[in-house]
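# An overview of the molecular structure
The lines below spell out each chain.
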Amino acid sequence: MRKFLLALSIGFPLLFSSTLYAAQSVKVMADEAYPPYSYKKDGKMTGIYTDVLSAIFAKMPDFNIKIEGVPWKRGLKSMEAGEGFALYPPYKREDRPYMDYTAPILAEESAAYCDEKILSKSRPKWPEDYYGLRIGSNSGFAVGGAVFDRAVQDGLIKLSEAKGNDKNLLKLINGRIDCYINDALSIEWELNQLKQKGKYKGSGIVRGATISGEYGYLGFTKKGDAFSYLEKFKEEYHKNLEEMKSNGEVDKIIKKYTE
């Protein structure tokens with residue numbers, strides 16, 4: 001009887017403390033339509049960024065992290081309103097002062113892809129060589145740069161926005177726009193998807209000018225008072241991100257999508 005009471009007295013505090021402990025629930029928003037980086041497949045989020053972040057989050061046991069795919073503009077509005085905790089993968093932009101950009105996840109390169117007839121003459125200079133053309137872009141994405149934005153405002157370039165790479169590339173394939181600007185790997189990946197579906201013959205679209213190199217981030221809210229766990233989360237996140245970069249885990253994930 002004495003042994004039973006001793007065992008109970010030892011085990012009870014452990015049981016009691018484990019029931020008191022619960023991981024902090026956190027919701028991270030993700031662009032649901034940016035393949036191959038971040039997109040929904042069969043109702044679940046996948047992509048390069050999603051796989052990298054999922055691996056990082058699995059190493060953060062103090063947090064129960066749920067990734068929720070959302071339309072990009074909705075995610076930005078949620079962050080601007082101070083309602084969202086984090087969103088991926090924004091580029092670093094001065095017109096988004098409501099987000100905190102820390103360590104980049106990986107580098108992307110954006111480019112113009114055009115009807116081959118448009119590039120029958122050399123157009124290496126962006127955006128000046130593309131004045132007078134109809135340029136497609138993803139809704140809510142600022143890809144073309146400041147000079148491009150001014151050219152659109154001045155009527156030198158006609159901007160046509162649509163949601164998602166597939167819709168923009170189908171517009172390009174069907175001659176409704178002259179060029180489409182976005183991340184180069186993302187465009188190449190989507191063209192291959194359209195080819196497999198019989199919607200693209202595999203020729204007629206070629207790469208034009210390189211626009212810029214960008215870094216993709218996990219953007220955090222600056223409303224630290226609304227999320228008491230923000231700094232602890234960021235500290236653990238950055239530690240695991242840097243470890244994955246240095247040990248080659250991030251590169252392995254990228255290769256899975258590019259090879």
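The notes below deal with the structure included here.

What counts and what doesn't
- Residues numbered from 1 in each chain as written.
- Predicted model: local features only at pLDDT ≥ 70, side-chain atom pairs only at ≥ 80, totals over all residues.
- Heavy atoms only, no water.
- Disulfide = S-S within 2.5 Å.
- Helix = DSSP H or I, 4+ residues; strand = E, 2+ residues; numbered from the N terminus.
- Buried < 20%, exposed > 50% of the residue type's maximum accessible area, 1.4 Å probe, protein only.
- Pairing = 2+ DSSP bridges.
- Right-handed = clockwise from strand over helix to strand, strands pointing away.
- Arc of directions from axis to C-beta.
- Contact = heavy atoms within 4.5 Å.
- Phe/Tyr/Trp six-rings, centres within 6.5 Å; stacked < 30°, edge-to-face > 60°.
- Core = buried A, V, L, I, M, F, W, Y, C linked by side-chain atoms within 4.5 Å.
- Axes fitted to C-alpha atoms, helices over the stretch in contact; angles between N-to-C directions.
- Parallel < 35°, antiparallel > 145°, perpendicular 65-115°, else oblique.
- Nonpolar A, V, L, I, M, F, W, Y, C, P; charged D, E, K, R; others polar.

Tallied over the full model, the rule gives one disulfide. The partner cysteine of C114 in its disulfide is C179, sulfur to sulfur 2.1 Å. With the S-S dihedral at roughly 105 degrees, the linkage between C114 and C179 falls on the right-handed side. Residue C114 is located in strand 8 (residues 106-115), and its partner C179 is located in strand 11 (residues 179-183); the two are separated by 65 residues in the primary sequence. Neither C114 nor C179 differs from the other in exposure class; each is buried.

A few words now on the pairing of strand 10 (residues 158-162). The pairing of strand 9 (residues 134-138) with strand 10 spans five bridges and is parallel. Along strand 10, the bridge assignment pairs S137 with E161. At this point the chain moves from strand 9, through helix 4 (residues 146-153), to the parallel strand 10, and the crossover so formed is right-handed.

Moving on: helix 3 (residues 72-80). Among all positions in helix 3, only W72, G75, L76, S78 and M79 are buried. Down the axis of helix 3, the buried side of the element spans an arc of 160 degrees, and every buried residue falls inside it. Away from the buried face of helix 3 by more than 90 degrees, exposed residues R74, K77 and E80 are located. Lining the buried residues of helix 3 we find strand 1 (24-31), strand 5 (63-70), strand 6 (86-88), strand 7 (99-100) and strand 13 (219-221). Of the residues trailing helix 3, G82 is marked for its positive phi of about 80 degrees.

What follows deals with the packing of aromatic side chains. The tally for this structure, following the rule as stated, stands at 18 aromatic pairs. A centroid spacing of 5.9 Å and a plane angle of 80 degrees characterise the contact between F85 and F220, whose relative ring orientation is edge-to-face. Here F85 is found in the loop between helix 3 and strand 6, whereas its partner F220 is found in strand 13, with 135 residues between them in sequence. Of the two residues examined, F85 and F220, each falls in the buried class. Put simply, the rings of F57, F63, F85, F220, F227, Y229, F233 and Y237 touch in pairs and so form one group of aromatic residues.

On to the nonpolar core. In terms of nonpolar packing, the biggest core is built from 63 residues, with F57, Y130, L218, F233 and Y237 touching the most fellow members. With six residues, helix 2 (residues 48-57) is the largest single contributor of residues to this core. Membership of the second largest hydrophobic core comes to twelve residues, among which are A111, I177, Y200 and I205.

The contact between helix 5 (residues 165-173) and helix 6 (residues 184-196) brings their axes to 10 Å, and the two run at 70 degrees. In terms of axis orientation, helix 5 runs roughly perpendicular to helix 6. In contact with N165, D166, L169, L170 and I173 of helix 5, helix 6 contributes S186, I187, E190, L191 and L194. Partitioning the contact of helix 5 with helix 6 into residue classes produces six nonpolar, two polar and two charged.

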